[in-house]
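# Descriptive structure summary
What follows is the residue order along each chain.
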Amino acid sequence: MEASRVQWHIKAQENKRGPVIYWMQASARRNNNLCLDFALLESGRRGRDLVTIFVTSPHVPNAHASHYRFLLEGIQETRARFEADRLEFVVLVSEYTNPAQRVFELVDQVQASLIVLDTGYLDWQKQWRTVLIETLASKQSGCDCVQIEADSMVAAKLAYPKQAWSAAVFRPAIMKHFPVAMETDSVKTDSLATVYTVPRHQSQAQTKASAKVWRSLDQWQLVEQRYLGQVSGAKSLLLHGGAQAAQSALDRFLQFKLEYYHLKHNDPALDASSQLSAWIHFGHVAVSDILAQVLDFLNQEGIVFDYRPHQEAKYFRALEILNPYHQRLTLAASAFFEQLVVRRELAINYVNYNPHYKSFEGISPWAKASLLSHGADPRPYTYSLKQLEQAQTHDRWWNAAQKQLLDHASMHGYMRMYWGKKIIEWSSSPREAYDIAVYLNDRYQLDGRDANGYTGIAWCFGVHDRPWSSRPIFGTVRYMNDKGLERKFDMQTYASKQLD
């Protein structure tokens, strides 16, 4: 495992003799999980039992029923896979504001010798882990603590050491490290966890005794009653959580959509995107796994990874251009790689280094100054949060996007940009607009509360963009209008699907 992915927080002088615990939170999956791989290795090296825990909390910011349902469908599947492979998996319920307190109680109760943490980049995810680390240290728990970065292709601090101001700056920096990531355990479909069963140091009697202890702690039945029985906030949630559903979506994408991705994925009237973002957000599938399968698919067609810095966003070439299909597939694969890896990790960079990533204060200074200088400009329309939330504006295309969000907990990616730009135009101030966009995104998007979502909102306010010609309300921040949508896409078809 790459050293950049491993961060030891505590190495106790007098180590406890209890089990190794892996606290699963961001990487909520069974396979292709570097955190689990590390925990398995440490369990074997130390001769200790291993238990993986997942803690449910009612205090995840802005999470509601559809978020919990999707997340826990994945946990239900993960739990079954652990059980089939004779790996202990315990679901706990925390009533604490910070579930780290519940995790510490378990560490103390079982006298754990090591706890393995995965990595989240948002403020509340960092706070959860920080509280646990500080509590372990202050209580002199005797428990080692290590954190693994498993959900990025390149570790965030290695990819770029500070906030990157544009994709043009970030792309060559992260791609410098990519050959190493491609050759090591970042891209592979088989992992230690795939073939692992029971630690050799355990006898059958010990294994049964340990399993009985963990079963007594498991609260999955309470989780089912509390969360899975709720009706989703969306009228028709089209997607279901779990690695199996993610794999089915990826199979459909490779078979039917990838070839024309570069031409069609921005068109809201078409079903041309991968639709993988929710599974990635909840950790049900690893980006490395998706990329490995894409590379395998391309290799079968004679298309290989071949990034060169001067090529900007071109990442693949065909060994031999046989027909237009190979030309399309090469361009499509580059477009998909740009979104899956470069733009996603640029978003991780933004939230990881910017403490104000979900507020107006976090945007670029030039954009902030420009928007504020036009704060008193007359607005042709102004709408309240309630009107926007209920899709009650004069703009049919915007209403269709918001209705898609309300009904299906998702919105087409291109429409997210238009949606955010119009909130700026129709709000009484840019600060109010930012707060509204964050609230609606976090509350209703299935993949809300995510680095990609926050960075997408920030882009609407000028982040990772450049100044444009000045205009009312927006100043030099990029503007979008309905005429642009109508020139590019069949907007009537898109709107009819959502509104009629």
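Here the structure is shown first, and the text comes after it.
Read on for an overview of the structure. (Residues numbered from 1 in each chain as written. Predicted model: local features only at pLDDT ≥ 70, side-chain atom pairs only at ≥ 80, totals over all residues. Heavy atoms only, no water.)

### Some words on the overall build of the protein chain
Helix and strand content of the protein chain: 23 helices and eight strands. Taken over the C-alpha trace, the protein chain has a radius of gyration of 24 Å; the compact-globule value for 500 residues is 23 Å, and the two agree within 12%. Judged by the C-alpha coordinates and their principal axes, the protein chain covers about 70 × 55 × 40 Å. Looking at the protein chain as a whole, 58% of its 500 residues qualify as buried. Approximately 21600 Å² of the protein chain is accessible, and the part contributed by carbon and sulfur atoms is 50%. Taken together, the 56 basic and 52 acidic charged side chains of the protein chain have centroids lying 2 Å from each other. (Helix = DSSP H or I, 4+ residues; strand = E, 2+ residues; numbered from the N terminus. Rg over C-alpha atoms; globule rule 2.2 N^0.38 Å. Buried < 20%, exposed > 50% of the residue type's maximum accessible area, 1.4 Å probe, protein only. Areas by Shrake-Rupley, 256 points an atom, 1.4 Å probe, with all protein chains shown as cover. Lys, Arg positive; Asp, Glu negative; His and termini not counted. Charge placed at Lys NZ, Arg CZ, Asp CG, Glu CD.)

### Some remarks on the sheet that holds strand S2 (residues 20-24)
Either a parallel or an antiparallel arrangement is found when strands of a sheet pair, and the pairing is made through backbone hydrogen bonds. Strand order in this open sheet of six strands is S1-S6-S5-S2-S3-S4, and the pairing throughout is mixed. Unpaired on one side and paired on the other, strand S1 (6-10) and strand S4 (88-93) mark the two borders of the sheet. On average, adjacent strands in this sheet sit at an angle of 25° to one another, irrespective of strand direction. Strand direction decides the pairing type here: S2 and strand S5 (residues 114-117), joined by four bridges, are parallel. If you follow Val-20 over to S5, its bridge partner there is Leu-114. Docked against the sheet, helix H1 (residues 34-46) engages S1, S2, strand S3 (50-56), S5 and strand S6 (144-148), running at close to 175° with respect to S2. The strands touched by helix H3 (residues 100-110) are S2, S3, S4 and S5; relative to S2, the strand with the most contacts, the crossing angle is about 165°. (Pairing = 2+ DSSP bridges. Axes fitted to C-alpha atoms, helices over the stretch in contact; angles between N-to-C directions. Contact = heavy atoms within 4.5 Å.)

### As for helix H11 (residues 243-257)
Along its 15 residues, H11 runs 20 Å from first to last C-alpha, staying within 8% of the 21 Å computed at 1.5 Å per residue. Regarding H11, the residues found buried are Ala-246, Ala-249, Leu-250, Phe-253, Leu-254 and Lys-257. Projected down its long axis, H11 shows its buried positions confined to an angular sector of 130°, all on one face. Seen from the buried face of H11, the exposed residues on the opposite side, beyond 90 degrees, are Gln-244, Gln-255 and Phe-256. Its buried side turned inward, H11 meets helix H12 (261-264), helix H13 (277-281), helix H14 (287-300) and helix H15 (324-353). (Expected span 1.5 Å × (residues − 1). Arc of directions from axis to C-beta.)

### A word on the pairing of S6
Looking down a regular strand, the side chains alternate between one sheet face and the other. Counting buried residues in S6 gives five out of five residues, a clear majority hidden from the surface. Along S6, one buried face is formed by Asp-144, Val-146 and Ile-148 and the opposite face, lined by Cys-145 and Gln-147, is buried too. Examined bridge by bridge, S1 and S6 share four bridges and lie antiparallel to one another. Looking at S6, one finds that Ile-10 is bridged to Cys-145. Sheet topology note: the S5/S6 ladder contains four bridges and is parallel. Residue pairing for S6: Leu-114 is matched across the bridge by Asp-144.

### Some remarks on unusual backbone geometry
One non-glycine residue with positive phi stands out, namely Asn-32, at about 50°. For Asn-32, the location among the structural elements is in the loop between S2 and H1. Classification of Asn-32 as buried rests on a relative accessible area of 11%. You will see that Arg-86, though not glycine, has its phi angle at about 60°, which is positive.

### So, the state of the cysteines
Overall, the coordinates contain zero disulfides when judged by the stated rule. Counting only cysteine sulfurs, Cys-145 is the nearest neighbor of Cys-35, a cysteine outside any disulfide, at a range of 12 Å. Look at Cys-35 and you get buried, because its relative accessible area is 0%. Cysteine Cys-145 is unpaired, with the sulfur of Cys-143 as its nearest cysteine sulfur at 6.9 Å. (Disulfide = S-S within 2.5 Å.)

### Digging into the packing of H11 against H14
Contact pair H11 / H14: the axes reach a minimum separation of 11 Å and the direction vectors enclose 30°. With respect to each other, H11 and H14 are oriented roughly parallel. The handedness of the crossing between H11 and H14 comes out as right-handed. The segment H11 lies against H14, with Gln-247, Leu-250, Asp-251 and Leu-254 engaging Ile-290, Gln-293, Val-294 and Phe-297. (Parallel < 35°, antiparallel > 145°, perpendicular 65-115°, else oblique. Left-handed = near helix turned anticlockwise from the far one by under 90°.)

### Points about the packing of H14 against H15
Close contact between H14 and H15 brings their axes to 12 Å; oriented N to C, the two are set at 170°. When the axes of H14 and H15 are compared, the pair comes out roughly antiparallel. Of H15, the residues touching H14 (which contributes Val-287, Ile-290, Leu-291, Val-294, Phe-297 and Leu-298) are Tyr-325, Leu-329, Ala-333, Phe-336, Phe-337, Leu-340, Val-341 and Arg-344. Class assignment for the residues of the contact of H14 with H15 results in 13 nonpolar, no polar and one charged. (Nonpolar A, V, L, I, M, F, W, Y, C, P; charged D, E, K, R; others polar.)

### Regarding the packing of aromatic side chains
We describe a pair of aromatic rings using the distance from one ring centre to the other and the angle between the two ring planes. Taken as a whole, this structure holds 25 aromatic pairs when the rule is applied. Aromatic pair Phe-70 and Trp-279: ring centres 5.9 Å apart, planes at 45°, arrangement tilted. One end of the pair, Phe-70, is in helix H2 (residues 65-84); the other, Trp-279, is in helix H13, with 209 residues separating them in the sequence. With respect to burial, Phe-70 and Trp-279 carry one shared label: buried. Members of the aromatic cluster, connected to one another through ring pairs, are Phe-178, Phe-305, Tyr-307, Tyr-315, Phe-316 and Phe-337. (Phe/Tyr/Trp six-rings, centres within 6.5 Å; stacked < 30°, edge-to-face > 60°.)

### A few points about the nonpolar core
By size, the foremost hydrophobic cluster in this structure holds 158 residues, and its most contacted members are Trp-23, Ile-53, Ile-115 and Phe-461. It is H15 that contributes the most residues to this core, 14 residues altogether. (Core = buried A, V, L, I, M, F, W, Y, C linked by side-chain atoms within 4.5 Å.)

### Remarks on the side chain of Asp-450
Take Asp-450: it is sitting in the loop between helix H20 (430-444) and helix H21 (451-460). With residues near it in sequence (within four places) discarded, Asp-450 still touches Leu-122 and His-281.

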